[in-house]
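Okay, here's what each chain looks like letter by letter:
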Amino acid sequence: MGQSNVSRGLEYEYELLMTSLHVSVSKHLMDEYFTVIWANDYFYESTLYTRAEYEAIYQNRCSDYFKQDLQEYTKFAAAIDRAVTAGESGYQCVCRMPQKGGRHIWIKIVGTFSEERVGGVPVIYSTFTDVTDTVHQQQMQKKLEEQTRQLAQALQQAEEAGRAKSDFFSRMSHDIRTPLNAILGMRDIAMAHLDDCDKVRDCLKKIGLSGQHLLGLINDVLDMSKIESGKMALRADAVSLPDVLENVVAIMQPQFKERGQHFSIRLHDVVHEQYCTDALRLRQVLLNILSNACKFTPRAGHISVEVQEGAGPQAGTAALTFTITDSGAGMQPEFAAQIFDAFTRERDSRTDTVEGTGLGMAITKKIVDLLGGTIEVQSAPGQGSTFAVTLPLAIEDAPPFAGHLPDLRVLVVDDDTAMCAYTAEMLEQLGVYAQWVDSGTDAEKQIRAATASGRAYDAVLLDWRMPGQDGLQTTRHIRQLCGRQLPVLIISAYDWSDIEEQARAAGVTGFMQKPVFVSTLCRALQRYVLGGTDALPDRRQALRDIRFDGRRFLLVEDNALNREVATELLEDTGAVIDTAVDGAQGLAAFAGAPAGTYDMVLMDIQMPVMNGYSAARAIRDLARPDAAVIPILAMTADAFAEDIAAAREAGMNGHLAKPLDAETLRREIHKYL
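Residues numbered from 1 in each chain as written. Predicted model: local features only at pLDDT ≥ 70, side-chain atom pairs only at ≥ 80, totals over all residues. Heavy atoms only, no water.

**Details of a nonpolar patch on the surface**
Nonpolar side chains collect at one region of the surface, where Ile 37, Trp 38 and Val 118 lie side by side and expose about 230 Å² of accessible area between them. One can find Val 118 in strand S4 (residues 104-118). (Patch = residues over 30% accessible without salt bridge, like charges linked within 9 Å, V, L, I, M, F, W, Y side chains within 5 Å. Areas by Shrake-Rupley, 256 points an atom, 1.4 Å probe, with all protein chains shown as cover. Salt bridge = Lys/Arg side-chain N within 4 Å of Asp/Glu carboxyl O. Helix = DSSP H or I, 4+ residues; strand = E, 2+ residues; numbered from the N terminus.)

So, in structure tokens, the structure goes:
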């Protein structure tokens, strides 16, 4: 009896000690429930249930208790299984234990297998301790380590971005100063040779070219900031693909010519010519890629553009793919992978001397993404580069020419056999009988044979640049064969002005700009063959010939120098110009003049007192008949799509971007008059 009391006393002291140390002690059956057959008070206190509640609700079954968090129960059950399988004497694990009221703590469980059995089921002795603070500390430590890693990564990225932007501004400082030095230097040279017209003319030409280059650099920076801030908006206008490509070729021709590069442009399966897209951005994509191709291709290198029409993603659309290939320096694979990142340029002794912002291709990628298209690049050092841009565009019209021309026989001559075959195919679509040869000498033979058989050709379409015997030489031989009655049309991707004088002397009838569309062929045949005219096209001269004699314009511009430039350009057209220095003065001048005094208002936007938008709205609100109908053109350096939209919302008819171009100025004014 005394011994029993001693035993119970020791058990009591042991349980008291474990509870005071915040250690749970328990015995469990190794059954499917991990049933508790004995536990100290701390075991139940840790659950926040009383012993009676725990036994009544869960029948001492740990599996039922852990239904609130089965994942954790599975965790320590798996630890027991692993220990048994390995023949170990016990197990341990850390898991989360649910508590009454939806709370939980983290516990470390240590179990020991025993020889004891109850009803034939083995018994496990288990202890657990509350390690919540330790787990939280570990979690906090991991979180801090992850945050430290992220901060280090962000710092590295910021440092790299900082270096990239530092490099960019360093390059920009050089690149901007280069054309500025040229502009200021040419001005000084011109001032020193005012009596030498040729010298002044040459200086003005170089000032213009340097100014355009400087404008391109500035546009790159402005475009990038617009894109990154999410402010760039796209226009959805009717766009003529022939006009876009003609404009792109015209802009790039002087650069190709200066570097003696061979340029070609071809069409493949192009059926439609009118699309709905943002013409400015489409041109910008093509010009950015072509400009790079020109800069990184050596003298006498080759640059080509292939345009192919495919099925669009949905009805009423087409997928246009522009493939631009050059024989230039090419790129290392690692740089090609990041060419569309802003401010990046390849560090290479072959290209370090080439000027640029490192923004052109980043802007190109952003625009292509905005247009819903894709851009891919393939390149290798010393093997040139190929860029493929695919854009889904809404078709604006049916095929440009669905009828047939009167029966005509046409000979196509081009050393590019693919171009020959494609041009002949387009002619056949127009109902024209077409044959083709790939050299000037073969053309002479074909013309001689056709004339002898009584089936003479009605026209010859002749490429300018061909090996052996070029287009002009071939034209001279044709004139010797059959006089001047056979129309000979030169086809070229180069500037007509380069060969105009020689072409006229050789007997050329007309000129067609590559790429040749169905509409291009149709107009040329109607003009030079069916119309019987031998007049040669000169669109720029036609624009320069536009006059506005007898017209009176109101020019509203706060900058004195800009006002002087615009006044000079407009007075050269024969127009009378009245000026105002802000929107309020412009409104007062218009309102104070009799109705019908002015034929047009040219309005700057950013002005003191009253800006151009407010002035335009105020003019439209005037109660007089001409206020609602007079053309108002925005004339501003705000040249983005959203600026154009804002001008229209203010009641303006059109938009002229600064710096002003004389031909564009005449064309736009003429359009609204």
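**Examining empty space enclosed by the protein**
Summary: where empty space remains is shown by rolling a probe the size of a single water molecule over the atoms. By the definition in use, this model includes 3 cavities of 30 Å³ or more. Looking at the largest cavity, its volume works out to about 150 Å³. Looking at the largest cavity, it is lined by 17 residues, and the ones nearest its centre are His 28, Phe 43, Cys 62, Ile 109 and Phe 128. Listing elements by their share of the lining of the largest cavity, those giving two or more residues are strand S1 (23-29), helix H2 (41-47), helix H4 (62-65), strand S3 (90-98), S4 and strand S5 (121-130). Top contributing element to the lining of the largest cavity by residue count: S5, with 3 residues. Across the lining of the largest cavity, the residue classes tally to 12 nonpolar, 5 polar and no charged. (1 Å grid on protein atoms, 1.4 Å probe; cavity = no way out; pocket = protein on both sides within 12 Å on 5 of 7 lines; lining within 4 Å. Points joined across faces, edges and corners; volume = space filled by probe spheres on them. Nonpolar A, V, L, I, M, F, W, Y, C, P; charged D, E, K, R; others polar.)

**Quick word on the layout of surface pockets**
What the second largest pocket holds in volume is close to 390 Å³. If you go around the second largest pocket, you meet 23 residues; those closest to its centre are His 262, Phe 263, Ser 264, Arg 465 and Tyr 494. Looking at which element gives the most residues to the lining of the second largest pocket, the answer is strand S7 (residues 262-268), with 5 residues. For the lining of the second largest pocket, the class distribution of residues is 8 nonpolar, 7 polar and 8 charged.

**As for unusual backbone geometry**
Looking along the chain, the bond that leaves Lys 514 and enters Pro 515 is cis, with omega of 0°. One can find Pro 515 in the loop between strand S17 (510-513) and helix H16 (518-530). In this model, Val 609 sits at a positive phi of 70°, which is unusual for a non-glycine residue. Structurally, Val 609 can be placed in the loop between strand S20 (600-603) and helix H20 (612-620). The exposure class assigned to Val 609 is exposed, which follows from its relative accessible area of 71%. (Buried < 20%, exposed > 50% of the residue type's maximum accessible area, 1.4 Å probe, protein only.)

**So, the nonpolar core**
One finds Leu 245, Phe 263, Leu 290, Phe 322, Leu 427, Val 460 and Leu 461 to be the most contacted residues of the largest nonpolar core, which totals 91 residues. Excluding its chain neighbours within four sequence positions, the residues that come into contact with Leu 427 are Val 410, Val 412, Val 432, Ala 434, Leu 461, Leu 521 and Leu 525. Tyr 58, Cys 62, Ala 83 and Ile 105 belong to the second-largest nonpolar core, a separate cluster that totals 25 residues. (Core = buried A, V, L, I, M, F, W, Y, C linked by side-chain atoms within 4.5 Å. Contact = heavy atoms within 4.5 Å.)

**Things to note about the sheet that holds strand S13 (residues 409-413)**
What the 5 strands build is an open sheet, ordered S14-S13-S15-S16-S17; its pairing is parallel. In this open sheet, the two edge strands, each paired with only one partner strand, are strand S14 (433-437) and S17. Pairs of neighbouring strands in the sheet enclose a mean axial angle of 20°, with direction left out of account. Examined bridge by bridge, S13 and S14 share 5 bridges and lie parallel to one another. Each residue of the ladder has a partner; that of Val 410, found in S14, is Ala 434. Here helix H14 (residues 471-482) sits on the sheet and contacts strand S15 (459-463) and strand S16 (488-492); the angle it forms with S16, its principal contact strand, is near 175°. Strands S13, S15, S16 and S17 of the sheet are contacted by H16, whose axis makes an angle of about 175° with S17. (Pairing = 2+ DSSP bridges. Axes fitted to C-alpha atoms, helices over the stretch in contact; angles between N-to-C directions.)

**Some thoughts on the packing of helix H8 (residues 241-258) against helix H9 (residues 279-295)**
It is at 10 Å that the axes of H8 and H9 come closest, and there the two elements cross at 25°. Relative to H9, H8 is oriented roughly parallel. In this structure, the crossing between H8 and H9 has a hand that is right-handed. Contacts from Val 244, Leu 245, Asn 247, Val 248, Ile 251, Met 252, Gln 255 and Phe 256 of H8 reach H9 at Ala 279, Leu 282, Arg 283, Leu 286, Leu 287, Leu 290, Ser 291 and Cys 294. (Parallel < 35°, antiparallel > 145°, perpendicular 65-115°, else oblique. Left-handed = near helix turned anticlockwise from the far one by under 90°.)

**Examining the packing of aromatic side chains**
What describes a pair of aromatic rings is the distance from one ring centre to the other and the angle between the planes of the rings. Inspection of the entire model under this criterion finds 18 aromatic pairs. A ring pair is formed by Phe 256 and Phe 263, whose centres lie 4.7 Å apart and whose planes are at 20°; its orientation type is stacked. Taking the centre distance of 5.9 Å and the plane angle of 65° together, the rings of Phe 548 and Phe 553 count as edge-to-face. Taking the relative accessible area as the measure of exposure, Phe 548 reaches 4% and is therefore buried. Here the aromatic cluster, defined as three or more aromatic residues joined through ring pairs, consists of Phe 34, Phe 43, Tyr 44, Tyr 49, Tyr 54, Tyr 58, Tyr 65, Phe 66, Tyr 73, Phe 76 and Phe 128. In this arrangement the basic side chain of Arg 465 is found over the ring face of Trp 464, its NZ or CZ atom lying 5.0 Å from the centre. When the ring centre of Phe 590 is taken as origin, the NZ or CZ atom of Arg 624, which lies over that ring, is 4.6 Å away. (Phe/Tyr/Trp six-rings, centres within 6.5 Å; stacked < 30°, edge-to-face > 60°. Lys NZ or Arg CZ within 6 Å of the ring centre and 35° of its normal.)

**A look at the sheet that holds strand S19 (residues 576-580)**
Read across the open sheet, the 5 strands follow the order S19-S18-S20-S21-S22; overall the sheet is parallel. The two strands at the open ends of the sheet, each matched to only one other strand, are S19 and strand S22 (654-657). Within this sheet the neighbouring strands show an average axis-to-axis angle of 25°, counted without direction. In this sheet, S20 lies alongside strand S18 (residues 552-556) in parallel orientation, the contact comprising 4 bridges. Bridge assignment links Leu 554 to a residue of S20, and that residue is Val 601.

**So, the pattern of salt bridges**
A complete count under the given rule lists 19 salt bridges for this structure. Arg 667 is the partner of Glu 668 in a salt bridge, and the nearest nitrogen-oxygen pair spans 3.7 Å.

**Quick notes on the side chain of Ser 46**
Note that Ser 46 resides in helix H2. Of the residues examined, Ser 46 reaches a relative accessible area of 6% and is grouped as buried. At 2.8 Å, the side chain of Ser 46 and the backbone oxygen of Tyr 42 are in polar contact. Not counting chain neighbours up to four residues away, the residues in contact with Ser 46 comprise Met 97, Gln 99, Ile 105 and Phe 128. (Polar contact = N/O pair within 3.5 Å; in protein donor to acceptor, adjacent residues only side chain to side chain.)

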